[in-house]
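The primary structure of each chain is shown beneath.
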Amino acid sequence: MTDEFLWWRDGIIYQIYPRSFMDANDDGIGDLKGIISRLDYLENLGIDAIWLSPIFPSPDVDFGYDVANYKDIDPKFGTMADFSQLIEEAKRRKIHIILDLVLNHTSDQHPWFLESNKSKDNPYYDWYLWQDPKPNGDPPNNWQAIFGGSAWEYDPDLGQYYYHMFYKEQPDLNWRNPDIRQEMLDVFRFWLDKGVDGFRLDVFNAYFKDPEFKDNPPKFGIRAFDRQEHIHDVSQPEMMPLLKDIRDILDQYDQTYVVGETFLADTERTANYCGNDKLHAAFNFKFAENRWHPKRFLTSLTEWYQSLSVNAWPNNFLSNHDMTRTASRYCFGEDDRRAKVAAAMLLTVKGTPFMYYGEEIGMRDIPIRKKSDIKDPIGKTFWPLFKGRDGCRSPMQWNDEENAGFSIIEPWLPVHSNFNERNVESQTADPDSILNFVKNIIRIRKNEPALQRGDFNPAITDPGHLLAFTRTLGADKIIVILNFSSRELTYQLPDGDWVSLFDNQTTENKLLKINPYQVHILKLKD
Ligand code: NOJ
């Protein structure tokens with residue numbers, strides 16, 4: 001393991017949902033110029049990379065996750081020149097750019113699909129997954145779309161069904177076709193040549209499906225999708241050699257990174273996709289799905305570390321654009337104490353931290369009250385059981401001005417009603433804010449290589465209330481103690497003199513007092 005600073009291993013990655021970060025052209029939708037205007041904020045926060053949710057031309061059935069052109073920028077986000085400016089301005093601030101590649105499926109408006117469904121003789125016909133109906137006209141097999149209903153959509157002109165794991169407007173590509181493979185590998189080169197540093201691969205382990213389209217076996221579940229073992233529609237063995245091809249391309253460029261979104265995969269399978277000749281990292285959902293209990297977090301971390309090969313580096317996240325925000329899951333009302341503990345955990349355990357925009361100010365999900373307010377189609381489909389993903393995608397709260405400083409016109413999603421108090425400007429001025437707390441932990445992390453790449457060892461004394469662990473690198477030893485509870489507790493420090501990295505005070509008393517939801521980070525004195 002090199003001692004050189006590697007941005008993707010030692011740094012912090014910040015996810016931006018571009019529609020919702022900052023609107024510079026006054027149309028109520030965030031854009032690239034908006035992001036550029038906030039780079040100073042991100043530099044000051046101390047992050048090392050930005051993962052941009054998709055910015056490619058898209059009809060927005062799934063808000064960018066339905067791509068109509070892999071080699072251009074959607075005009076609502078700006079131009080290629082704006083993107084080049086973003087790369088340049090970010091690089092000046094040592095901020096790296098990660099693009100979100102959605103290569104499992106395209107939009108049904110992608111020119112390839114518009115050609116594909118014209119006729120069976122069309123050169124693009126075989127770029128998608130077309131199958132004959134069963135003799136009785138039924139879909140070719142029992143596969144279900146995760147966004148609801150059968151995964152097969154009938155095209156009366158062609159007299160065949162095409163397959164879509166998500167919405168019917170997102171037809172899956174036929175990755176067994178060598179032309180697709182070449183085309184997509186070229187997409188990686190195209191953006192790397194523009195100066196991009198990495199990629200997040202959307203549902204990459206769904207690229208290949210069973211070549212014979214066998215039925216999935218049944219299992220117990222609530223929704224039709226969950227009543228199947230997904231053994232034939234995801235995680236096929238052909239993915240491994242493809243990952244090597246992708247990695248070979250990335251390795252021709254300096255310090256690049258590829259992280260995959262594993263779909264329907266447990267920790268072990270997720271870990272198996274990471275390492276030399278594979279992905280640098282993949283997302284382990286188990287950590288983010290934990291209830292508020294230190295032991296649960298520790299167990300999922302330990303499993304994650306143990307599953308990964310020695311060549312792979314872990315990563316961790318608590319929030320993203322598909323799930324309820326961290327603070328909405330764990331906090332009571334506007335009390336940020338749990339969100340602070342969660343942020344401290346994310347930033348000090350072993351593994352590259354991924355932070356979701358607004359997590360640093362403890363943004364909460366916006367409430368979804370009426371079906372007619374919903375923008376995310378799955379919210380409409382599954383209402384009222386599931387209200388969709390609008391909640392975690394509301395505009396970034398910059399200040400207490402109209403629309404929280406995000407836009408001068410009404411944004412595409414409402415701003416949270418708490419924005420008058422909860423915003424970047426007011427939290428910057430408040431020494432006790434979660435923003436200043438997060439900045440402080442990031443500062444500590446930046447100064448301490450042990451917190452970036454040190455070994456992780458649990459140091460638990462009270463697993464019901466505390467998460468405590470050490471991070472060790474060479475002679476450096478740091479102990480992190482997180483009080484998950486509302487009780488005042490004590491912690492018996494190991495032998496030696498320990499200096500608090502918050503205030504440089506040396507702890508004389510080995511029995512440390514820990515206030516409710518308090519975070520201690522201490523370093524062993526040499
Ligand atoms: C996973 C993405 O995170 C989600 O937002 C999207 O809807 C699906 N993949 C389909 O691309």
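Note that the coordinates shown come from a computational prediction; the quantities given were computed from them, not determined experimentally.

*Asks:* Let's hear about the layout of surface pockets: which residues, and what values?
*Replies:* Reported here for the largest pocket is a volume of approximately 970 Å³. Along its surface, the largest pocket is lined by 32 residues, and Ile146, Glu261, Phe263, Phe285 and Asp322 are the ones closest to its centre. Of all the secondary structure elements, the ones that give two or more residues to the lining of the largest pocket are α9 (285–288) and α13 (377–382). Looking at the lining of the largest pocket, its residues break down into 14 nonpolar, seven polar and 11 charged.

*Asks:* Explain the nonpolar core to me, and be specific about the residues and the numbers.
*Replies:* The biggest cluster of nonpolar side chains holds 124 residues, and the ones touching the most others in it are Tyr14, Leu42, Phe83 and Phe199. Among the elements that take part in this core, helix α12 (residues 337–348) stands out by supplying eight residues, more than any other. When sequence neighbours within four positions are dropped, the list of residues in contact with leucine 42 reads Tyr14, Ile16, Phe21, Ile47, Ile50 and Ile95. Judged by nonpolar contacts, the second largest core, of 20 residues, contains Trp143, Tyr163, Met165 and Tyr167.

*Asks:* Any details on the domain arrangement of the chain? Residues and values, ideally.
*Replies:* With domains assigned, the chain is organised as domain 1 (7–107 + 177–442), domain 2 (111–163) and domain 3 (454–524). For domain 1 versus domain 2, the distance between C-alpha centres works out to 30 Å. Every contact between the two is made by 27 residues of domain 1 and, on the other side, 18 residues of domain 2. Contact between domain 1 and domain 2 buries roughly 2000 Å² in total, counting both sides, with carbon and sulfur atoms accounting for 64%. At the junction of domain 1 with domain 2, the criterion picks out zero salt bridges. Joining domain 1 to domain 2, the criterion identifies eight residue pairs in polar contact (both at pLDDT 80 or more). Where the side of domain 1 that touches domain 2 is concerned, the elements lending two or more residues are α6 (178–193) and α13.

*Asks:* Would you mind going over the sheet that holds strand β6 (residues 160–163) in detail, with residue names and values included?
*Replies:* Across the sheet, three strands lie side by side as β4-β6-β5; this open sheet has antiparallel pairing. Taken across any chain shown, the strands that pair with only one partner, and hence form the sheet edges, are β4 (130–131) and β5 (152–155).

*Asks:* Which residues make up the site of the ligand, and what are the values?
*Replies:* Contacts to the ligand come from 14 residues, most closely from Asp62, Asp202, His321, Asp322 and Arg389. When isolated, the ligand has an accessible area of 290 Å², and the protein chains bury 97% of it. The site holding the ligand turns out to be the largest pocket. Residues of the shell around the ligand, tallied by class, amount to five nonpolar, two polar and seven charged.

*Asks:* Quick rundown of the pairing of strand β14 (residues 476–483)? Include the residues and the values.
*Replies:* Of all eight residues that make up β14, six are buried, and the element is covered over most of its length. Pairing of strand β13 (residues 466–473) with β14, which is carried by eight bridges, proceeds in the antiparallel orientation. Counted as the bridge partner of arginine 471 is isoleucine 478 from β14. Joining the antiparallel neighbours β13 and β14 is a turn of two residues, in which glycine 474 adopts a positive phi near 55°. Pairing analysis gives five bridges linking β14 to strand β19 (residues 519–524), with the strands arranged antiparallel. Its bridge partner lying in β19, valine 480 is registered against isoleucine 521.

*Asks:* Can you break down the environment of serine 372 residue by residue, with the values?
*Replies:* By the secondary structure assignment, serine 372 is in the loop between β11 (352–356) and α13. For serine 372, a relative accessible area of 60% corresponds to the exposed category. Taking the C-alpha atoms as reference points, serine 372 and proline 123, separated by 249 residues in sequence, lie 41 Å from one another.

*Asks:* Tell me about the side chain of aspartate 210, residues and numbers included.
*Replies:* Examined against the element boundaries, aspartate 210 turns out to sit in the loop between β7 (198–201) and α7 (239–250). What makes aspartate 210 buried here is its relative accessible area of 6%. Among the polar contacts listed, one links the side chain of aspartate 210 to the backbone nitrogen of lysine 214, at a separation of 2.9 Å. Sequence-distant contacts of aspartate 210, that is, excluding residues within four places in its chain, are made with Trp143, Arg176, His232 and Gln236.

*Asks:* How would you sum up the pattern of salt bridges? Please name residues and give values.
*Replies:* By the definition in use, this model includes 40 salt bridges. With its nearest N and O atoms 3.2 Å apart, the salt bridge here joins aspartate 226 to arginine 223. A residue is classified by how much of its surface remains accessible, and aspartate 226, at 27% relative accessible area, is partly exposed. Residue arginine 223 is classed as partly exposed on the basis of its relative accessible area, which comes to 25%.

*Asks:* Would you mind going over helix α15 (residues 434–447) in detail, with residue names and values included?
*Replies:* The end-to-end C-alpha separation of α15 is 20 Å, in line with the 20 Å expected for 14 residues at 1.5 Å each. Within α15, the full set of buried residues consists of Ile434, Leu435, Asn436, Phe437, Val438, Lys439, Ile441, Ile442, Ile444 and Arg445.

*Asks:* Could you give me a rundown of the packing of α12 against α15, with the residues and numbers involved?
*Replies:* At a minimum axis distance of 10 Å, the contact between α12 and α15 shows a crossing angle of 20°. Judged by the angle between their axes, α12 and α15 are roughly parallel. The chirality of how α12 crosses α15 is right-handed. Across the interface between the two elements, Ala339, Lys340, Ala343, Ala344, Leu347 and Thr348 of α12 pack against Ile434, Phe437, Val438, Ile441, Ile442 and Arg445 of α15. Among the residues making up the contact of α12 with α15, the classes are represented as nine nonpolar, one polar and two charged.

Cut-offs applied
Residues numbered from 1 in each chain as written. Predicted model: local features only at pLDDT ≥ 70, side-chain atom pairs only at ≥ 80, totals over all residues. Heavy atoms only, no water. 1 Å grid on protein atoms, 1.4 Å probe; cavity = no way out; pocket = protein on both sides within 12 Å on 5 of 7 lines; lining within 4 Å. Points joined across faces, edges and corners; volume = space filled by probe spheres on them. Helix = DSSP H or I, 4+ residues; strand = E, 2+ residues; numbered from the N terminus. Nonpolar A, V, L, I, M, F, W, Y, C, P; charged D, E, K, R; others polar. Core = buried A, V, L, I, M, F, W, Y, C linked by side-chain atoms within 4.5 Å. Buried < 20%, exposed > 50% of the residue type's maximum accessible area, 1.4 Å probe, protein only. Contact = heavy atoms within 4.5 Å. Domains from an automatic or database assignment. Buried area = accessible area lost by both parts, 1.4 Å probe. Salt bridge = Lys/Arg side-chain N within 4 Å of Asp/Glu carboxyl O. Polar contact = N/O pair within 3.5 Å; in protein donor to acceptor, adjacent residues only side chain to side chain. Pairing = 2+ DSSP bridges. Near = heavy atom within 4 Å. Areas by Shrake-Rupley, 256 points an atom, 1.4 Å probe, with all protein chains shown as cover. Sits in = over half its atoms within 2 Å of the grid points. Expected span 1.5 Å × (residues − 1). Axes fitted to C-alpha atoms, helices over the stretch in contact; angles between N-to-C directions. Parallel < 35°, antiparallel > 145°, perpendicular 65-115°, else oblique. Left-handed = near helix turned anticlockwise from the far one by under 90°.

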